[in-house]
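Close look at the chain arrangement
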Amino acid sequence: MSVISRGFGGGHRNGGGARIPPGQYETRDFPVLSTGPTPQVDRSKWALNVTDLEGAVTRWTWPDLMRAPSEKFTVDIHCVTKWSMLKTTWRGVRVSALLGDLAGEAEYALVRCYGGYTTNLPLSDLVDRDAWIAYEYEGDNLKAPHGGPARLLVPHLYLWKSAKWINGIELHVDDQPGFWEALGYHGYGDPWLEQRYAGD
Ligand SMILES: Nc1nc2c(c(=O)[nH]1)N[C@H]1C(S)=C(S)[C@@H](COP(=O)(O)O)O[C@H]1N2
Ligand SMILES: [Mo]
């Protein structure tokens, strides 16, 4: 059964702070939003390829990811189709721990996924803000429909930036639109500023 309570106007108050960005409502059932079929990626075959400005590739395999320091974290997530979920709990590895000093002069990242989805964001949003490669959701292995074995999670931006089935981070000097960005969605996607579409 799905339980949906709508936020009120400028934001649903919870513990004194507005936790729901403008135009969003709260849902408690985790919707699945995918542009295509769910890739079935075995952990033994999974890899995350970080491509630097010179085109050199640093490859993280599943055992590499498991050896990296992980964090359990609880965040609110906001989809541009107007649902938000509060206090979702995940486990993952900080993107900054994976990128290390590969950034060089790069300013932007183009994120690639199994299945072909892409999304772009400023590199600083991946390394200076909270951003993780997440592989557990609410204490269980992340299920394939939600991006398992591992997805990007960047909770301060609309959830289309949180690429499911991530398998690459390409570093660039210039911003390059990803899948939804090329179709008219906002280049950055701050939910608190309602940056839904280009020009917002
Ligand atoms: N690879 C991939 N990642 C993706 C998408 C997608 O279609 N493919 N959809 C995005 C969108 S629009 C949203 S709202 C969230 C949805 O995540 P969920 O299906 O776990 O709710 O994933 C994002 N990441
Ligand atoms: Mo979305």
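Here is a short report on the structure shown in this document. (Residues numbered from 1 in each chain as written. Chains lettered and ligands numbered in written order. Predicted model: local features only at pLDDT ≥ 70, side-chain atom pairs only at ≥ 80, totals over all residues. Heavy atoms only, no water.)

Another point: the site of ligand 1. Taken together, 20 residues lie around ligand 1, and P31, T35, H146, R151 and K164 are the ones closest in. At 2.5 Å, a backbone N or O of P31 approaches an oxygen atom of ligand 1. The backbone of L33 places a nitrogen or oxygen atom 2.8 Å from an oxygen atom of ligand 1. Alone, ligand 1 offers 530 Å² of accessible surface; in the complex the protein occludes 97% of this. When the residues that make up the shell around ligand 1 are grouped by side-chain class, the tally is 14 nonpolar, 4 polar and 2 charged. (Near = heavy atom within 4 Å. Polar contact = N/O pair within 3.5 Å; in protein donor to acceptor, adjacent residues only side chain to side chain. Areas by Shrake-Rupley, 256 points an atom, 1.4 Å probe, with all protein chains shown as cover. Nonpolar A, V, L, I, M, F, W, Y, C, P; charged D, E, K, R; others polar.)

Glancing now at the environment of G36. Considering the arrangement of structural elements, one finds G36 in the loop between β4 (25-27) and β5 (47-51). Taking relative accessible area as the criterion, G36 reaches 34% and is therefore assigned partly exposed. Along the chain, G36 and Y108 lie 72 residues apart, while their C-alpha atoms are 25 Å from each other. (Helix = DSSP H or I, 4+ residues; strand = E, 2+ residues; numbered from the N terminus. Buried < 20%, exposed > 50% of the residue type's maximum accessible area, 1.4 Å probe, protein only.)

All told, the structure shown has 9 salt bridges when counted by the stated rule. In this structure, R91 and E136 form a salt bridge, with 3.9 Å as the shortest nitrogen-oxygen distance. Of this pair, R91 sits in strand β8 (residues 83-94) while E136 is found in strand β11 (residues 132-137), placing the two residues 45 residues apart along the sequence. Classification of E136 by relative accessible area gives partly exposed; the value is 22%. A salt bridge links E181 to K161; the shortest N-O distance between them is 2.7 Å. Of this pair, E181 sits in helix α4 (residues 179-182) while K161 sits in the loop between β13 (151-153) and β14 (166-172), and the two are 20 residues apart along the sequence. (Salt bridge = Lys/Arg side-chain N within 4 Å of Asp/Glu carboxyl O.)

Moving on, we come to the sheet that holds β14. Pairing is mixed in the open sheet, where 5 strands are placed in the order β6-β5-β14-β9-β10. A strand with exactly one partner marks an edge of an open sheet, and here the two such strands are β6 (57-61) and β10 (118-122). Each neighbouring strand pair of the sheet contributes to a mean axis angle of 15°, computed without reference to strand direction. Here strand β9 (residues 108-113) runs beside β10; their pairing, made up of 5 bridges, is antiparallel. Bridged to A109 within β10 is L121. (Pairing = 2+ DSSP bridges. Axes fitted to C-alpha atoms, helices over the stretch in contact; angles between N-to-C directions.)

Of all 6 residues in β11, 5 are buried; the element is thus mostly enclosed. Here β8 pairs with β11 via 5 bridges, running antiparallel. Within the sheet, the bridge partner assigned to R91 lies in β11 and is E136. Bridge analysis of β11 against β13 gives 3 bridges, and the strand direction is antiparallel. For I133, the partnering residue across the bridge sits in β13 and is L152.

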